[in-house]
Amino acid sequence: MAHQENIPFTPSGKSFTAVAINTAAKAGEWIKSKLGSHTTLSLKYSPQDLVTEVDKGSETMIRKLILTHFPTHSILGEEGVEPGPEASAKALTEMSGAEYLWIVDPIDGTTNFVHGFPFYTVSIALAYKGEVIVGVVYDPSRDELFVAEKGKGAYLRGKPMKVSGEAKLTDSLLATGFPADREGALPLNMAGLQHLAPKVRNVRIAGSAALHLAYVAAGRLSGFWEIGLNSWDTAAGALLVQESGGQVTDMEGNPYSLSIRDIAASNGTIQQDLLQELKAAATIGS
Ligand code: 2AM
Ligand code: CA
């Protein structure tokens, strides 16, 4: 990850990255134009699991754009999968044989989008033989496009990103989230929050896992954890963190993989302390 500070980033790698960037930017601008004017609001897995016609339209647009460039590639998108954790895991397993697999969240932070809270993103990752090689998260509200290429670093507005320098939890700003699963995930995330909040500088819960991960990569958050996520919430963001010098693991400290549903990401320096506290919290939450 050798960066030259003053040379602007230009996409490379058979233009996979350029396609990811252009597709995320186009879909992001489109969903932003629909803010406040969606006409359908459906419930998926639970009353907290929302979907609008804008999620579906964004995914259709993304699929068409990717397939225009790479017609033989496979695409795993949130809106192409039945709701619920079992269906998500099954869909990922079924597609795990694909050589090139795009992993797409057409709106990460749908609840925010529905309420007009400007913290939602388009998340697009490309995995080659199961390993994420490109990750792009686009935040249309601030026009920020976070991009990472495996082994080549992570960039925001052409500048290399770097994780933050906090060495202790007491100095750390963390984020977490509450996904739609109110039975399994909510008590565990609540237990983590209750356990960690007194030990850190503060905790933010802004409703987009992809953007929280991008903020860890950009050094705006020291760390992030969340139980019960899907691959489309995390694939692009995890590469952003890794390529910015941070660490991403499951709750046991195993390195990030697409099948991980429980994620802990940080600047690396606080990772072990974060995992230790989450382990202690889980014994209270279960
Ligand atoms: P979404 O907006 O794409 O659904 C909020 O804590 C995070 O959880 C968001 O990234 C949100 O993504 C995700 N999330 C919401 N419902 C979820 C579900 N049923 N399964 C997994 N992740 C979910
Ligand atoms: Ca989504």
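Since the model is a prediction, treat every value here as computed from it, not as a measurement.

Enquirer: Which residues make up the coordination of the calcium ion (ligand 2), and what values do they have?
Expert: In this structure, Glu78 (OE), Asp105 (OD), Asp105 (OD) and Ile107 (O) serve as the protein donors to the calcium ion (ligand 2), at separations of 2.0 to 3.1 Å. Here the donor residues for the calcium ion (ligand 2) map to a single chain with the spacing E-x26-D-x1-I. For the residue pair Asp105 and Ile107, the accessibility class agrees, reading buried in each case.

Enquirer: Lay out the domain arrangement of the chain in plain terms, naming residues and giving numbers.
Expert: Here the chain is described as being made up of domain 1 (8-160) and domain 2 (169-285). Placing a centre on the C-alpha atoms of domain 1 and another on those of domain 2 gives a separation of 20 Å. Contact residues are listed per partner, giving 44 residues for domain 1 and 28 residues for domain 2. A combined buried area of about 2700 Å² lies between domain 1 and domain 2, and 68% of that area is made up of carbon and sulfur atoms. The largest per-residue losses of area from domain 1 upon contact with domain 2 belong to Asp108, Phe119 and Phe146, which jointly make up 21% of the total buried on that side. Counting every contact that joins domain 1 to domain 2 gives one salt bridge. Among the ionic pairs, Glu144 bridges to Arg220, the shortest N-O distance being 2.8 Å. Inspection of the region where domain 1 meets domain 2 yields ten residue pairs in polar contact (both at pLDDT 80 or more). Elements with a minimum of two residues in the side of domain 1 that touches domain 2: β3 (74-77), α3 (85-95), β4 (100-108), β5 (121-128), β6 (131-139), β7 (144-149) and β8 (153-156). Here the side of domain 1 that touches domain 2 gets seven residues from one element, more than from any other, and that element is β6. Residue composition of the side of domain 1 that touches domain 2, grouped by class: 22 nonpolar, twelve polar and ten charged.

Enquirer: Summarise the packing of helix α6 (residues 209-217) against helix α7 (residues 231-243); cite the residues concerned and give the values.
Expert: For the pair α6 and α7, the least separation of the axes is 8 Å and the interaxial angle reads 0°. Looking at the two axes, α6 sits roughly parallel to α7. Of α7, the residues touching α6 (which contributes Ala209, Ala210, Leu213, Ala214, Val216 and Ala217) are Asp233, Thr234, Gly237, Ala238, Leu240 and Val241. Classifying every residue of the contact of α6 with α7 gives nine nonpolar, two polar and one charged.

Enquirer: Report on unusual backbone geometry, specifying residues and quantitative values.
Expert: The phi dihedral of Lys129 falls on the positive side, at around 50°, and the residue is not glycine. Mapped onto the elements, Lys129 comes out in the loop between β5 and β6. Exposure remark for Lys129: the relative accessible area of 59% places this residue in the exposed category. Here the phi dihedral of Arg157 falls at roughly 50°; this positive angle occurs in a residue that is not glycine.

Enquirer: Please provide a residue-by-residue account of the pattern of salt bridges, values included.
Expert: Using the criterion set out here, one finds nine salt bridges in the structure. A salt bridge links Arg201 to Asp171; its shortest N-O distance comes to 3.6 Å. A residue pair is termed long-range when its members are at least 10 positions apart, and Arg201 in the loop between α5 (185-196) and β11 (202-204) and Asp171 in the loop between β9 (159-160) and β10 (173-175) qualify at 30 residues. Classification of Arg201 by relative accessible area gives exposed; the value is 55%. Each member of the salt-bridge network shares a partner with another, and the members are Lys44, Glu78 and Glu79.

Enquirer: Report on the site of ligand 1, specifying residues and quantitative values.
Expert: With respect to spatial proximity, 19 residues lie near ligand 1, and among them Asp105, Asp108, Gly109, Thr110 and Glu226 are the closest. Note that an oxygen atom of ligand 1 is positioned 2.7 Å from one of the side-chain N or O atoms of Asp108. With the chains in place, 90% of the 480 Å² that ligand 1 exposes on its own is no longer accessible. By residue number, the principal contributor to the shell around ligand 1 is β4, which donates three residues. The class makeup of the residues in the shell around ligand 1 is six nonpolar, seven polar and six charged. Split by domain, the shell around ligand 1 shows at least three residues from each of two domains, domain 1 (8-160) and domain 2 (169-285).

Calculation criteria
- Residues numbered from 1 in each chain as written.
- Chains lettered and ligands numbered in written order.
- Predicted model: local features only at pLDDT ≥ 70, side-chain atom pairs only at ≥ 80, totals over all residues.
- Heavy atoms only, no water.
- Donors = N, O, S within 2.8 Å, 3.2 Å for Na, K, Ca; no water.
- Buried < 20%, exposed > 50% of the residue type's maximum accessible area, 1.4 Å probe, protein only.
- Domains from an automatic or database assignment.
- Contact = heavy atoms within 4.5 Å.
- Buried area = accessible area lost by both parts, 1.4 Å probe.
- Salt bridge = Lys/Arg side-chain N within 4 Å of Asp/Glu carboxyl O.
- Polar contact = N/O pair within 3.5 Å; in protein donor to acceptor, adjacent residues only side chain to side chain.
- Helix = DSSP H or I, 4+ residues; strand = E, 2+ residues; numbered from the N terminus.
- Nonpolar A, V, L, I, M, F, W, Y, C, P; charged D, E, K, R; others polar.
- Axes fitted to C-alpha atoms, helices over the stretch in contact; angles between N-to-C directions.
- Parallel < 35°, antiparallel > 145°, perpendicular 65-115°, else oblique.
- Near = heavy atom within 4 Å.
- Areas by Shrake-Rupley, 256 points an atom, 1.4 Å probe, with all protein chains shown as cover.

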